[in-house]
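Tertiary structure, described
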Amino acid sequence: MTDKPRVAIYKMSSCAGCQLEFLNLEPVLLDVVGAVELSYFVMARRQNAPGPYDIGFVEGAITCGEEIEKLKRARQECRVLVALGSCACFGGLPSIKNWIPERVVESRVYQNLEVIESTKAYGIDEYVKVDAYLKGCPVDKGELVEFIKGALLGISPHLRPHSVCVECKLRENVCLFVSQGEPCLGAVTTAGCGALCPSRGKVCDGCRGPANDANAESLARSFTEYGLHKSDVIRKFRKFAGLTPEFSKGAEAV
Ligand code: SF4
Ligand code: SF4
Ligand code: SF4
């Protein structure tokens, strides 16, 4: 046992892409590993040490009773609990299923439904108190490092209330929406990715969830005026963060 902060990484219903970002921190991983004790990390460790832990990162949405119990145990054994990635923050991609009856979803995936007891997919704060949110699908490596360093120094994480459009303008991109009528969600999506997708000629799909002043209803109506079908507008707003009040207003506006 060392006196370094003890870190745990839990996986719920997810693709493991956010945990992978921990391992992708190659240039700084050794520093991170040197500064903290990665006590529980099933993807990376052969043996895991029991809690309590100083910081717990939870990846994935909660989609069954077993995960609800696992999450509650994680909350009990971690002093600080962090939602790692959009699935854990607000349901993310797994929450797409919430708009289809649960049994229909289950029958599309499993042959034998007798042993399946899934629930709607929710972010982790549906069930436990969450101390910090690291959004993105996957989580942004820069923000992850910033958060870990801040936690070690006792500094609160830097919040980015503005939208992806601000970062897009700072990168001097030509606006895909204005110039080509492409349905970009950057105006209502929280910044932090450096306008990753628009900088590569792709529209923002809203993976980081709503920005603070998001006017999703207005943007949804603009999309239909530009010719996007209502069902496509709804799908766009429900892709990652359809459970958030802001994006659900966007989906309901058309
Ligand atoms: S937020 Fe995206 S990358 Fe992270 S676990 Fe969920 S689906 Fe995977
Ligand atoms: S391309 Fe998208 S993110 Fe960039 S300025 Fe236009 S709407 Fe905003
Ligand atoms: S541009 Fe939008 S979809 Fe792409 S990474 Fe950033 S928030 Fe996610």
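Every chain is numbered on its own, with residues counted from 1 as its sequence reads. For naming, the first written chain is A and the first written ligand is 1, with later ones following in the order written. Only residues with pLDDT of at least 70 get local features here, since the model is predicted, and only at 80 or more are side-chain atom pairs given and counted; chain-wide, interface and lining totals rely on the full set of residues. Derived side-chain values reflect all non-hydrogen atoms in the structure, with water molecules and hydrogen atoms excluded from consideration.

**Concerning the packing of helix H10 (residues 230–238) against helix H11 (residues 245–252)**
A pair of packed helices is characterised by two quantities: the angle between their axes and the separation of those axes. Between H10 and H11, the shortest axis-to-axis distance is 8 Å and the interhelical angle comes to 175°. Looking at the two axes, H10 sits roughly antiparallel to H11. Of the residues in H11, those touching H10 at Val233, Ile234, Phe237 and Arg238 are Phe247, Gly250 and Ala251. Of the residues contributing to the contact of H10 with H11, the split by class is five nonpolar, one polar and one charged. Throughout, an axis means a line fitted to C-alpha atoms (over the contacting stretch in the case of helices), and angles, computed between N-to-C directions, take values from 0 to 180 degrees. By the criteria applied, helices consist of DSSP H or I runs no shorter than four residues and strands consist of E runs no shorter than two, each listed in order from the N terminus. To sort the angles, those under 35 degrees are grouped as roughly parallel, those over 145 as roughly antiparallel, those from 65 to 115 as roughly perpendicular, and the leftovers as oblique. The criterion used for residue contact is that any of the two residues' heavy atoms lie within 4.5 Å. Ten residue types, Ala, Val, Leu, Ile, Met, Phe, Trp, Tyr, Cys and Pro, are classed as nonpolar, four, Asp, Glu, Lys and Arg, as charged, and the remainder, Gly among them, as polar.

**Brief notes about a nonpolar patch on the surface**
Surface patches are defined over residues having more than 30% relative accessible area and no salt bridge, joining like charges when they lie within 9 Å and nonpolar side chains (Val, Leu, Ile, Met, Phe, Trp, Tyr) when within 5 Å. Computed with a 1.4 Å probe, the accessible areas rest on the Shrake-Rupley method; for each residue, only the protein chains presented here act as cover. Should a side-chain nitrogen of Lys or Arg be within 4 Å of a carboxyl oxygen of Asp or Glu, the pair is scored as a salt bridge. On the surface, Leu152, Leu153 and Ile155 cluster together to form a nonpolar patch covering roughly 310 Å² of accessible area. By the secondary structure assignment, Leu153 is in helix H6 (residues 141–153).

**Re the domain arrangement of the protein chain**
For the domain bounds, the source is a domain assignment made automatically or taken from a database. When the domains of the protein chain are assigned, the result is domain 1 (6–153) and domain 2 (164–252). Carbon and sulfur atoms make up 60% of the area that domain 1 and domain 2 hide from each other, which totals about 1,200 Å². Put simply, buried area is how much 1.4 Å-probe accessible surface two parts lose in total, over both of them, once they are put together. On the domain 1 side of the contact with domain 2, Phe90, Trp99 and Lys135 bury the most area, a combined 48% of that side's loss. The interface formed by domain 1 and domain 2 contains one salt bridge. Here Glu143 ties to Arg208 by a salt bridge, and the two come within 2.9 Å at their closest N and O atoms.

**Some points on the site of ligand 3**
Whether a residue is near a molecule or strand is decided by its heavy atoms; if any one of them lies within 4 Å of it, the residue is near. Around ligand 3, the neighbouring residues are Thr189, Cys193, Cys197, Pro198, Cys204, Asp205, Gly206, Cys207 and Arg208. Here the residues of the shell around ligand 3 are counted per class, giving five nonpolar, two polar and two charged.

**What to know about the site of ligand 2**
Cys165, Cys168, Lys169, Cys175, Leu176, Cys184, Gly186 and Pro198 make up every residue found near ligand 2. With three residues, the top contributor of residues to the shell around ligand 2 is helix H7 (residues 164–170). Of the residues belonging to the shell around ligand 2, the class tally is six nonpolar, one polar and one charged.

**Some details on the side chain of Glu102**
Tracing the backbone shows Glu102 in helix H5 (residues 102–109). Burial classification: accessible surface area is computed with a 1.4 Å probe over protein chains only, and a residue below 20% of its type maximum counts as buried, one above 50% as exposed, and the rest as partly exposed. For Glu102, a relative accessible area of 16% translates into the label buried. Contacts described as polar in this section are N or O atom pairs within 3.5 Å, which, within protein, must combine one atom able to donate a hydrogen with one able to accept it, while residues neighboring in sequence count only if both atoms come from side chains. At 2.5 Å, the side chain of Glu102 forms a polar contact with the side chain of Ser118. Apart from the residues lying within four places of it in its own chain, the contact partners of Glu102 are Lys97, Ser118, Thr119 and Lys120.

**Section: the environment of Glu167**
Mapped onto the fold, Glu167 is located in helix H7. Distance from Glu167 to Ala151, taken between C-alpha atoms, is 25 Å for residues 16 residues apart in sequence. Apart from residues no more than four positions distant in its own chain, Glu167 is found in contact with His162, Ala191, Gly192, Cys193, Gly194 and Ala195. In this structure the side chain of Glu167 is engaged in a polar contact, spanning 3.0 Å, whose partner is the backbone nitrogen of Gly192. A distance of 3.3 Å separates a polar side-chain atom of Glu167 from the backbone nitrogen of Ala195.

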